[in-house]
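# Report on the structure
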Amino acid sequence: IDCSLMYTYREALDLGQVLDETNFHWFEDPIRYVDIEGLVELARRVRTPLAVTDYPDFAFYEIAPYIQRGAARVIRGDARKLGVTGMKKAAALCEGFGLNYEIHQGGNSLLNAANLAVELSIPNTDFYECLLPAEANQFGVENDIAVDSEGYVHAPTEPGLGCRLDWKFLEKRTVRTI
C-alpha cells in the first residue's frame, strides 16, 4: 500500500496495525519521509515493513540515515532520479544491510526499460512496478515491456536496454535538434 505521505503518525500507526493483521507486503510513505523520528517509531511499532520513498529529492545520499536509524526496511528508487549506476549503488547498499531495493515505475518506456535492466541484475527486489493502463506510460519504442497473462515481465533479448526506438514517433515530436 502506498499512502503518498498522507497520514499523521497516529493515523499511520492505526493503519499499520491493520496491515499487520492482513499480511501486507509493505507500507509505503505512510507519513512525511522527512519525519525520520516518526518513521523510526512507526517501524518499531508496526511489523509490516515500511518503504521510503519514490519522491524525487530522496536520492542516493538520503538513503543511509534511514537504514542506520531503522526507519525503513524497503528503499524505493528509479532511473529517473538515480540513473542505472545510482540504482545499482543504492541496491548494493540496501543488500549489504539485508534490505530490499524496490524500483518505482519510470513513467515512460525508456526509463521503465532502465528500471527493468537493474531489477534483473540485483537479488534484492521483488516486483516490477507498472502503472495501469500501461499504454499511458508507453511511447517512443517499438517493443515495449509487456506484462504477460500470469502477471510477469520478461528479460529483453535485444542489446542494451532491449528497446528499439520508434524513430517515426520521435521525429514527429521533435521540436529541435541541437
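Described below are features of the structure shown in this document. Computed from a predicted model, the values in this text were never measured in an experiment. (Residues numbered from 1 in each chain as written. Predicted model: local features only at pLDDT ≥ 70, side-chain atom pairs only at ≥ 80, totals over all residues. Heavy atoms only, no water.)

A count of helical and extended segments in the protein gives six helices and four strands. In the protein, the order of α-helices and β-strands from amino to carboxyl end is α-β-α-β-α-β-α-β-α-α. Counting only C-alpha atoms, the protein reaches 55 × 35 × 30 Å along its principal axes. Put simply, the protein has 178 residues, and 42% of those count as buried. Long-range pairs, those at least 24 residues apart, make up 62% of the contacts in the protein with a sequence separation of at least 6. For the protein, the computed accessible surface area is about 10,100 Å², with 55% contributed by carbon and sulfur atoms. For the protein, the separation between the mean place of its 17 positive charges and that of its 27 negative charges on side chains is 5 Å. (Helix = DSSP H or I, 4+ residues; strand = E, 2+ residues; numbered from the N terminus. Buried < 20%, exposed > 50% of the residue type's maximum accessible area, 1.4 Å probe, protein only. Contact = heavy atoms within 4.5 Å. Areas by Shrake-Rupley, 256 points an atom, 1.4 Å probe, with all protein chains shown as cover. Lys, Arg positive; Asp, Glu negative; His and termini not counted. Charge placed at Lys NZ, Arg CZ, Asp CG, Glu CD.)

The subject of this paragraph is the nonpolar core. Ranked by internal contacts, the top residues of the largest apolar core, which has 37 residues, are Phe-27, Tyr-66, Ile-75 and Tyr-101. Counting only elements with at least two residues in this core, the list comes to helix 1 (9-21), helix 2 (36-45), strand 2 (50-52), helix 3 (60-69), helix 4 (79-96), strand 4 (100-103) and helix 5 (109-119). Here this core gets six residues from one element, more than from any other, and that element is helix 4. Not counting residues up to four positions away in its chain, the partners in contact with Tyr-66 are Tyr-33, Val-34, Ile-36, Leu-39, Val-52, Phe-58, Ala-71 and Ala-72. (Core = buried A, V, L, I, M, F, W, Y, C linked by side-chain atoms within 4.5 Å.)

The strand order across the open sheet built from four strands is 1-2-3-4, with neighbouring strands paired in parallel fashion. Unpaired on one side and paired on the other, strand 1 (27-28) and strand 4 mark the two borders of the sheet. Bridging between strand 3 (residues 74-77) and strand 4 involves four bridges; their strand directions are parallel. Within strand 4, the position partnered with Gly-77 by the bridge is Ile-103. (Pairing = 2+ DSSP bridges.)

Moving on, we come to the pattern of salt bridges. Evaluation of the coordinates by the stated rule reveals eight salt bridges. When the shortest N-O distance is used, the salt bridge between Glu-142 and Arg-164 registers 3.4 Å. Here Arg-164 lies in the loop between helix 5 and helix 6 (167-172) and Glu-142 lies in the loop between helix 5 and helix 6, a separation of 22 residues in the sequence. What makes Arg-164 partly exposed here is its relative accessible area of 34%. Each member of the salt-bridge network shares a partner with another, and the members are Glu-28, Arg-76 and Glu-129. (Salt bridge = Lys/Arg side-chain N within 4 Å of Asp/Glu carboxyl O.)

Another aspect to go through is the pairing of strand 4. Residues Asn-100 and Glu-102 of strand 4 are buried on one face, and the alternating residues Tyr-101 and Ile-103, pointing to the opposite face, are buried as well. In this fold, strand 3 hands off to helix 4, which returns the chain to strand 4; that crossover is right-handed. (Right-handed = clockwise from strand over helix to strand, strands pointing away.)

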